[in-house]
Amino acid sequence: MIWLTLNDPARGCNSYLLGDEVTGTALAVDPLGALGPEAYVLAAQDLGLAIQHVVETHVHADHESAARELADALGVAVSVSHRAPVAFARRPLHDGEVITLGAIRVEVWETPGHTDDSLSLVVRDGHRGSDPWLVMTGDSLFVGDVGRPDLAEASPEAVREAARRQFETIRRLMTLPDFTEVYPAHYGSSPCGGLFMSRKPQSTIGYERRFNRFVRIDDVDTFVDHVLSSLKPPPVDAPRIRIRNLGQAVL
Ligand SMILES: [Fe+2]
């Protein structure tokens, strides 16, 4: 497996390039507008890879995505949840679907909570073994924190319901083996999580199972109260950015 993180420290955003060294095929996840589509094309070329899939873990509200620009440049459709209310033609992803890159299998899990369309991507490398090696958790599970449930919901009741879905999502992610590496879409000062998000950009399921204060809560109402009481201020310009990333307008 070839693995590369491309990040934007100013906004605490992570994006990923995942490739199979035998077939030279690759997948880009959550490409960042701050870096531009060229960054991903050039990084893939450097690694001897051809990007065949551009995946969004969800419609982002904190930063402008480069997914559509990158997909257009490559002549493919953006792969995003069938639940995402996007206004552009996309490849709709469903729970349990597998994207194959040679011997690498990328399994789609619907992990709602932060948004209704949130996905996680569970990666197995057949060159090494049959167990999951890593999971890209989008904005569901962070290092030390979980994704906020309020950015795509209008009413307090809907936000609480989204937080309840986040609780179920975290329970599901915790069915993965302890050694599974966790690569979230954000770290550090990103406003997509709460007050406890670590500046360390990656972790493991086992470490978060033991030491993530939200994962350790086993009662859904307590979880919801803790998440909602530890929110940071929302991202600056979130409604405009979300509309832009939905493809409803280019502002
Ligand atoms: Fe997000």
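Model, not experiment: these values are computed from the prediction.

Lay out the coordination of the iron ion in plain terms, naming residues and giving numbers.
Around a metal, the ideal angle is 109.5 degrees if four donors adopt a tetrahedral arrangement and 90 or 180 degrees if six donors adopt an octahedral arrangement. The coordination sphere of the iron ion contains the protein donors H58 (NE2), H114 (NE2) and D139 (OD), at a distance range of 2.0 to 2.3 Å. The motif formed by the donor residues of the iron ion, counted along the single chain, is H-x55-H-x24-D. Residue H114 is located in the loop between β8 (104-110) and β9 (119-125), and its partner D139 is located in the loop between β10 (134-138) and α3 (156-173); the two are separated by 25 residues in the primary sequence. Summarising the burial analysis for this pair, H114 and D139 share the class buried.

Please provide a residue-by-residue account of the pairing of β9, values included.
With six of seven residues buried, β9 lies mostly within the body of the structure. Strand direction decides the pairing type here: β8 and β9, joined by seven bridges, are antiparallel. Bridge pairing in β9 places E110 opposite L119. In this structure, β9 lies alongside β10, joined through three bridges in antiparallel fashion.

Can you tell me about the packing of helix α1 (residues 37-46) against helix α2 (residues 67-74), naming the residues and giving the values?
Two elements in contact, α1 and α2, have axes whose closest approach is 8 Å; the angle formed by their N-to-C orientations is 50 degrees. Taken together, the axes of α1 and α2 are oblique relative to one another. Considering the relative orientation of α1 and α2, their crossing is right-handed. Between α1 and α2, the contacting residues are P37, Y40 and V41 on the first element and E69, L70 and L74 on the second. Partitioning the contact of α1 with α2 into residue classes produces five nonpolar, no polar and one charged.

About the cut-offs
Residues numbered from 1 in each chain as written. Predicted model: local features only at pLDDT ≥ 70, side-chain atom pairs only at ≥ 80, totals over all residues. Heavy atoms only, no water. Donors = N, O, S within 2.8 Å, 3.2 Å for Na, K, Ca; no water. Helix = DSSP H or I, 4+ residues; strand = E, 2+ residues; numbered from the N terminus. Buried < 20%, exposed > 50% of the residue type's maximum accessible area, 1.4 Å probe, protein only. Pairing = 2+ DSSP bridges. Axes fitted to C-alpha atoms, helices over the stretch in contact; angles between N-to-C directions. Parallel < 35°, antiparallel > 145°, perpendicular 65-115°, else oblique. Left-handed = near helix turned anticlockwise from the far one by under 90°. Contact = heavy atoms within 4.5 Å. Nonpolar A, V, L, I, M, F, W, Y, C, P; charged D, E, K, R; others polar.

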